[in-house]
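# Structural overview
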Amino acid sequence: MKKIVAWKPLPADVLSYLQQHVQVVQVDPTQHDTFVAALRDADGGIGSSVRITPSMLEGATRLKALSTISVGFDQFDVADLTRRGIVLAHTPDVLTESTADTVFALILASARRVVELADWVKAGQWQHSIGTAQFGVDVQGKTLGIVGLGRIGGAVARRAALGFNMKVLYTNRSANREAEEAYGARRVELPELLANADFVCLQVPLTSETKHMIGAAELRSMKKSAILINASRGATVDEQALIEALQNGTIHGAALDVFETEPLPADSPFLKMANVVALPHIGSATHETRHAMARNAAENLIAALEGTLATNVVNREVLVR
Ligand code: NAP
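Quick caveat: nothing in here was measured; it's all calculated off a predicted structure.

As far as domains go, the protein holds domain 1 (3–94 + 287–320) and domain 2 (96–278). One C-alpha centre belongs to domain 1, the other to domain 2, and the line joining them spans 32 Å. Buried surface at the junction of domain 1 and domain 2, both sides included, amounts to about 560 Å², of which 42% is carbon and sulfur. On the domain 1 side of the interface with domain 2, the three residues burying the most area are Asp-74, Asp-93 and Thr-289, jointly 63% of the side's total. Linking domain 1 to domain 2 there are one salt bridge. Between domain 1 and domain 2 we count three residue pairs in polar contact (both at pLDDT 80 or more) in total.

What follows is the structure, given as structure tokens:
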């Protein structure tokens, strides 16, 4: 029987599905040496939220497939996996809608100051009817700029255009005709998007091209009233530049699900800013979606080990060897 390493706890039914096909070794990824030794002795692996470096795979000659319980695969060196002949599978689609819900929650929470004012009520400060000091800004009818209009960006565009009557601008390397037709999304260059959007929403994967794609210059080119929404990966934004832009009033606010360092350090300046909504990377974190992702990743892994995986493959080149 083939052997796989699981570096994330799995739902009982998903674990039992895997055990029908392979021997499962569960490891705690914080025990680095044990984790690396287990990888060396395995045919496959499943997990998420841990960086898997080339050096961790030295001597892992049996390893044929890795399956991440996420759509993003920036935790892996894909070129290195391809060189080693290791298939990498991921879980697109199953998390699209719940992540788009999180993005929209961030848009609404920041515009209407939901978190800040709920804390204000709990602190006993609601002693008279509210005044302009508690007002927010409208979402409906405004312009949303989506940087990276793919699966999740498309689901955000649908909510924005059909639910909130928003204008949608987007940037991509290639056009998304479906979103243009269905939601009136208009493809523009990044400077035009930044200059016109009331909400700038990042939904690109983290790559060498997208790292720090929003820095001091980009923040300066946004409207002073704009709100930056990031539920992609923390490092798509230059965090230090964002902190300074928020402190200086260069932009109005930010709503962030992801950070350059996670968990967010207790001394992060973001935690002291009333105009920042900070969430603990909950994009896809509902019971239903996380279960569907684990199931999907397990099925991807078994299919990859059996040589039948046809979808959800990051490095398709390995399959055609
Ligand atoms: P996707 O369908 O591949 O969409 C990504 C979009 O980004 C595509 O439209 C792509 O279009 C565009 N893009 C890629 N590189 C670009 C570049 N250099 N410049 C401009 N646009 C670029 O992926 P998805 O399923 O929507 O997921 C997107 C990302 O969201 C994931 O990679 C992940 O990091 C993040 N995510 C976060 C959470 C969370 O918990 N917060 C949950 C799920 C996903 P082109 O190829 O035409 O450029």
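This brings us to a nonpolar patch on the surface. On the surface, a cluster of nonpolar side chains totalling about 430 Å² of accessible area is made up of Val-121, Trp-126, Ile-130 and Phe-135. With respect to the secondary-structure elements, Ile-130 resides in the loop between helix H5 (114–122) and strand E6 (143–147).

If you look at the biggest cluster of nonpolar residues, it comprises 58 residues, and the most contacted ones within it are Leu-18, Ile-46 and Leu-144. Broken down by element, the residue count for this core peaks at nine residues, all from helix H11 (residues 287–306). Counting contributing residues per domain, this core is built from domain 1 (3–94 + 287–320) and domain 2 (96–278), each supplying no fewer than three. Not counting the four nearest positions on each side in its chain, Leu-18 is found in contact with Ile-4, Leu-10, Val-24, Ile-46, Ala-298 and Ile-302.

Let's shift gears to the site of the ligand. In the vicinity of the ligand lie 24 residues, with Arg-151, Ile-152, Arg-173, Ser-174 and Asp-257 positioned nearest. Backbone polar atom of Gly-150 to an oxygen atom of the ligand: 3.1 Å apart, as the coordinates give it. In isolation the ligand offers 930 Å² of accessible surface; the protein chains occlude 87% of this area. Here the residues of the shell around the ligand are counted per class, giving seven nonpolar, twelve polar and five charged.

The positions UniProt marks with the feature "domain: D-isomer specific 2-hydroxyacid dehydrogenase catalytic" (unreviewed entry) are residues 7–315. Strand forms 14% of residues 7–315 and helix 37%; the C-alpha atoms that close the span are 21 Å apart.

Next up on the list: unusual backbone geometry. Residue Pro-263 follows Glu-262 across a cis peptide bond; omega there is -5°. Within the fold, Pro-263 resides in the loop between strand E11 (253–256) and strand E12 (276–278). Residue Ser-49 is not a glycine yet carries a positive backbone phi of 65°. The residue Ser-49 is located in the loop between strand E3 (44–47) and strand E4 (65–68) in this model. Note on Ser-49: relative accessible area 56%, which makes it exposed. Within the chain, Asn-312 stands out as a residue other than glycine whose phi angle is a positive 60°. Mapping Asn-312 onto the fold places it in the segment after H11. Overall, the relative accessible area of 16% leaves Asn-312 in the buried class.

A word on the side chain of Asp-257. With respect to the helices and strands, the residue Asp-257 is situated in the loop between E11 and E12. For the buried Asp-257, no salt bridge is present, and the opposite-charge side chain at shortest range is Arg-233, 7.3 Å distant. In this structure the side chain of Asp-257 is engaged in a polar contact, spanning 2.9 Å, whose partner is the backbone nitrogen of Gly-283. Among all residues touching Asp-257, those that are not within four sequence positions of it are Thr-102, Leu-106, Asn-230, Ala-231, Glu-262, Leu-279, Pro-280, His-281, Ile-282 and Gly-283.

Okay, the environment of Ile-243 next. When you line up the elements, Ile-243 lands in helix H10 (residues 239–248). Residue contacts for Ile-243: discarding those within four places in its chain leaves Pro-269, Phe-270 and Met-273.

Conventions used here
- Residues numbered from 1 in each chain as written.
- Predicted model: local features only at pLDDT ≥ 70, side-chain atom pairs only at ≥ 80, totals over all residues.
- Heavy atoms only, no water.
- Domains from an automatic or database assignment.
- Buried area = accessible area lost by both parts, 1.4 Å probe.
- Salt bridge = Lys/Arg side-chain N within 4 Å of Asp/Glu carboxyl O.
- Polar contact = N/O pair within 3.5 Å; in protein donor to acceptor, adjacent residues only side chain to side chain.
- Patch = residues over 30% accessible without salt bridge, like charges linked within 9 Å, V, L, I, M, F, W, Y side chains within 5 Å.
- Areas by Shrake-Rupley, 256 points an atom, 1.4 Å probe, with all protein chains shown as cover.
- Helix = DSSP H or I, 4+ residues; strand = E, 2+ residues; numbered from the N terminus.
- Core = buried A, V, L, I, M, F, W, Y, C linked by side-chain atoms within 4.5 Å.
- Buried < 20%, exposed > 50% of the residue type's maximum accessible area, 1.4 Å probe, protein only.
- Contact = heavy atoms within 4.5 Å.
- Near = heavy atom within 4 Å.
- Nonpolar A, V, L, I, M, F, W, Y, C, P; charged D, E, K, R; others polar.
- UniProt positions renumbered as here; feature names shortened; annotations may be inferred.
- Lys, Arg positive; Asp, Glu negative; His and termini not counted.

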